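Structural characterization, general
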Amino acid sequence: MSYFIGSFTNILQNGINTTNDTAQAWDQTWTNLFAGGNISGATIFGSMVQLGELFAVVAVIIAGLLTFKDMNNHKAPQFNIVIWPLIAMTMFAADGALLAQTVLGLRGIINQISDQVANSVVAGVRLDEALKNLGGQVMLQQSVEDAYRGCLSMTGAARADCLQEAANYGNELANSFGNVFGAAQWIGDIIDSFRNASNAVQNGTGGALIGLFSPIWEPILYAILFALMKAYQNMLEAVMILIGLTAPLALGGSLIGFGTPAFIGWLSGFFSFGLAKIFFNLLIGLAASVATNAGLNDPAWFALFVGICAPIISFAMASGSGFVIWGAMTSMVASATSGAASMIAKKA
């Protein structure tokens, strides 16, 4: 059983990393796909750019014919027919290098805001530090329990020796965790609670040690829930990459109808998943802050929150916000286009 508990503890340790750590793990993939130094048709993004350029070329030809027709009829060309194709062709230039940098820039903005949220202070506790410390408490608790659990079935001198070895191991854990988390009070609290209970057992105070142990299945459940949290973080990065790769198609598609709704829809989708990332960071940070200030007497609710509740809530909130963003940006662009077209018509 010690082997399995150790394995689940390792999974748990990997699961408590912040979303910033996840983003850094994906940085190289983003760089390879969007800014590998040589975007061409041989790359995935380059292939998408070629397809988007096909849409753009057809749209520009049609736009040129319509503009020529308007000029022959002494009409001012439509603003969006002239300007938007020029903007799109600029974005497509050099195998879509500018468009790729735009996608990376948008991701950078989302990551910057996400990091700012994680580094925020609520009730005197920095959110990312609260999450780190809370995960550390869970790991230390499970590790100390694993060390003492084998002593429960022993008696006499064998039990005394086992408890002494467990106490020594607890001191080693305290030093190791202290190197990572600093002089955190919860480290001493956990170690002392087991040491005091162990001394009570050796002095003949019955089963004082038993009450400190959580059910044997708890570390398995925590590992699964924290692994779900990690999977959700990685899913957000993967989906944002997929949306980023469709940028050329959205830009080219927006030219077919001589309007920006298709590209704005792409932007709203990209930012929706970015908001899911930010909301998730905020939710788990707030939960960690509450748990830290209240004292982690029952970590089960926190594991359930970060593994199931926070992903569902953040995704639902981001989906709703995406529709709002899309509507606002569409209205803004439509108003700007109409105003510019009116100005051009008056001058003509």
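For the structure itself, look to the data block above.
A quick note: this is a predicted structure, and the numbers were derived from the prediction, not measured. (Residues numbered from 1 in each chain as written. Predicted model: local features only at pLDDT ≥ 70, side-chain atom pairs only at ≥ 80, totals over all residues. Heavy atoms only, no water.)

Observations regarding the overall build of the chain
How we decide: A helix here means a DSSP run of H or I that spans at least four residues, while a strand means a run of E at least two residues long, and both kinds are numbered starting from the N terminus. Contacts are residue-level and defined by heavy atoms, with any inter-residue pair within 4.5 Å sufficient. Under the convention used here, a 1.4 Å probe and the Shrake-Rupley method define accessible areas, while residue burial counts only the protein chains that appear.
Counting secondary structure elements, the chain contains 11 helices and 2 strands. For the chain, the sequential pattern of α-helices and β-strands runs α-α-α-α-β-β-α-α-α-α-α-α-α. Within the chain, contacts between residues separated by at least 24 positions form 79% of all contacts whose residues are at least 6 apart in sequence. Here the chain displays about 16,900 Å² of accessible surface, and carbon together with sulfur accounts for 65% of that area.

What about the packing of helix H5 (residues 127-149) against helix H6 (residues 156-181)?
What counts, and what does not: Note on definitions: angles span 0 to 180 degrees between N-to-C directions of axes, and those axes are lines fitted to C-alpha atoms, for helices only across the stretch in contact. Each angle gets one of four labels, with under 35 degrees taken as roughly parallel, over 145 as roughly antiparallel, 65 to 115 as roughly perpendicular, and the rest as oblique. Should the near helix be turned counterclockwise from the far one by less than a right angle, the crossing is left-handed, whereas a clockwise turn marks it as right-handed. Polar here means any residue other than Ala, Val, Leu, Ile, Met, Phe, Trp, Tyr, Cys and Pro, which are nonpolar, and Asp, Glu, Lys and Arg, which are charged; Gly is therefore polar.
Where H5 meets H6, the closest approach of the two axes is 9 Å, and the angle between their N-to-C directions is 165°. Comparing their axes, H6 and H5 come out roughly antiparallel. The handedness of the crossing between H5 and H6 comes out as right-handed. Each of Lys-132, Asn-133, Gly-136, Met-139, Leu-140, Ser-143, Val-144, Ala-147 and Tyr-148 in H5 lies in contact with H6, whose residues at this interface are Leu-163, Ala-166, Ala-167, Tyr-169, Leu-173, Phe-177, Val-180 and Phe-181. Along the lines of polarity and charge, the residues of the contact of H5 with H6 split into 13 nonpolar, 3 polar and 1 charged.

Here's the deal with the state of the cysteines
Going by this rule: Disulfide assignment relies on a single distance test, namely cysteine sulfur atoms paired within 2.5 Å.
In the structure shown here, the tally under the stated rule is 1 disulfide. Here Cys-151 connects covalently by a disulfide to Cys-162, the sulfurs 2.0 Å from one another. Disulfide Cys-151-Cys-162: torsion about the S-S bond near -80°, hence left-handed. Remark: Cys-162 occurs in helix H6 and Cys-151 occurs in the loop between H5 and H6; sequence separation between them is 11 residues.

Side note on the nonpolar core
Within soluble globular proteins, side chains that are nonpolar generally end up buried alongside one another. Stated formally: As used here, the term nonpolar core means buried Ala, Val, Leu, Ile, Met, Phe, Trp, Tyr and Cys residues forming a set that is joined through side-chain atoms within 4.5 Å. When a residue's accessible area, from a 1.4 Å probe over protein chains only, is under 20% of the maximum for its type it is buried; when over 50% it is exposed; and in between it is partly exposed.
In this structure, Phe-34, Leu-251, Trp-266, Phe-270 and Phe-302 are the most contacted members of the largest nonpolar core, which totals 56 residues. Of all elements in the fold, only helix H2 (19-34), helix H3 (44-72), helix H4 (79-118), H5, helix H8 (218-245), helix H9 (247-256), helix H10 (261-294) and helix H11 (300-347) reach the threshold of two or more residues within this core. At 15 residues, the largest contribution of residues to this core is made by H10. One finds Cys-162, Phe-177, Trp-186 and Phe-194 within the second-largest nonpolar core, a separate group that totals 22 residues.

Here we look at the environment of Phe-263
Mapped onto the fold, Phe-263 is located in helix H10. Classification of Phe-263 as buried rests on a relative accessible area of 10%. The spatial distance from the C-alpha of Phe-263 to the C-alpha of Gly-252 is 8.4 Å, given a sequence separation of 11 residues. Every residue in contact with Phe-263, bar those within four places of it in the chain, is listed here: Trp-84, Ala-247, Ala-250, Leu-251 and Ser-254.

Focus on H5
Rule in force here: Helices are assigned an expected span. That span is 1.5 Å times one less than the residue count.
Between its first and last C-alpha, H5 extends 33 Å over 23 residues, near the 33 Å set by a 1.5 Å rise per residue. Within H5, 17 of the 23 residues are buried, which leaves the element mostly enclosed by the surrounding structure.

Examining the packing of H6 against helix H7 (residues 185-202)
At their nearest, the axes of H6 and H7 sit 10 Å apart, and the two run at 175° to each other. Compared by their axis directions, H6 and H7 come out roughly antiparallel. On H7, the residues touching Arg-159, Ala-160, Leu-163, Gly-170, Asn-171, Ala-174, Phe-177, Gly-178 and Phe-181 of H6 are Trp-186, Ile-187, Ile-191, Arg-195, Ser-198, Val-201 and Gln-202. Grouping the constituent residues of the contact of H6 with H7 by class yields 9 nonpolar, 5 polar and 2 charged.

So far we have only geometry, and geometry alone does not tell us how the molecule works.
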